[in-house]
Amino acid sequence: MSDLDLLTQSLARTVKHWRSVRGFTLDVLAARAGVSRGMLIQIEQARTNPSLGTVVKIGDALGVSITTLLDYEQGPKVRVVPADRAVRLWSTDAGSYNRLLAGTEAPGPLEMWDWRLMPGESSTSDPHPAGTVELVHVTAGELTLSVDGVDHRVPAGASATFEADTPHTYGNQGDAPMEMVMAVSVPPVR
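Below, the structure is looked at part by part.

The rules we used
Residues numbered from 1 in each chain as written. Predicted model: local features only at pLDDT ≥ 70, side-chain atom pairs only at ≥ 80, totals over all residues. Heavy atoms only, no water. Buried < 20%, exposed > 50% of the residue type's maximum accessible area, 1.4 Å probe, protein only. Helix = DSSP H or I, 4+ residues; strand = E, 2+ residues; numbered from the N terminus. Arc of directions from axis to C-beta. Axes fitted to C-alpha atoms, helices over the stretch in contact; angles between N-to-C directions. Parallel < 35°, antiparallel > 145°, perpendicular 65-115°, else oblique. Left-handed = near helix turned anticlockwise from the far one by under 90°. Contact = heavy atoms within 4.5 Å. Nonpolar A, V, L, I, M, F, W, Y, C, P; charged D, E, K, R; others polar.

1. Digging into helix α2 (residues 26-33)
In step 1: If you check which residues of α2 are buried, you get Leu26, Leu29, Ala30 and Ala33. Axial view of α2: buried residues confined to an arc of 100°, hence all on one face.

Here it is as structure tokens:
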């Protein structure tokens, strides 16, 4: 069985599990996440590999992190994630990518990401739920962080925090690869 098949099956199990825990019907989760009921059925039956955006919307609607959706197995209080188990969720032919390094529920989803953007590339994110905060630390190059249409330059060695409940884009307008570590904190579902 391929890694993609294992990931699809894990996602199917965990979406069903968390939908049940939250007491959501398919229709309620579809409305909260802004995805079709048919897509949720396909996900829960492990018949599709949804986009990263769809997984993020479902996680936000359920109030759980992407890490939780992709790995239901709960371990001891200390969880070491080996480098080869980081999940690459987005990449381009030019070499840009993001990797989910680790995540937890504390009390809402808390995720740590590793990003690389090649010169001229960018990645746009839809608004997250109100109260979501992102922290970025640039380790190489320069990040052009656009939040609600306003650009902010974040050079290597600098960090930035922002409320992520508005549209935002991570971009590299420089001539060298940009690398950063990002943490995302989403408030728990009420």
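2. Some words on unusual backbone geometry
In step 1: For Ala46, which is not glycine, the phi dihedral falls at a positive 55°.
In step 2: By the element assignment, Ala46 lies in the loop between α3 (37-44) and α4 (52-62).
In step 3: The exposure class assigned to Ala46 is partly exposed, which follows from its relative accessible area of 29%.
In step 4: Notably, Asp148 is not glycine yet its phi reads approximately 55°, a positive angle.

3. Section: the packing of α2 against α4
In step 1: Put simply, α2 and α4 touch, their axes get as near as 8 Å, and they point 110° apart. Of the possible angle classes, the one that applies to α2 and α4 is roughly perpendicular. Considering only the axes of α2 and α4, their crossing is right-handed. Between α2 and α4, the contacting residues are Leu29, Arg32 and Ala33 on the first element and Lys57, Ile58, Ala61 and Leu62 on the second.
In step 2: Across the contact of α2 with α4, the residue classes tally to five nonpolar, no polar and two charged.

4. A word on α3
In step 1: Those residues of α3 that fall on the buried side of the exposure criterion are Leu40, Ile43 and Glu44. The buried residues of α3 occupy an angular sector of 90° when the element is viewed end-on, so they sit on one face.
In step 2: Immediately beyond the C-terminal end of α3, within one or two residues, lies Ala46, with a positive phi of roughly 55°.

5. Re the side chain of Asp114
In step 1: Position of Asp114 relative to the elements: it lies in strand β3 (residues 109-117).
In step 2: A relative accessible area of 13% means that Asp114 is categorised as buried.

Keep in mind these numbers describe shape, not what the thing actually does.
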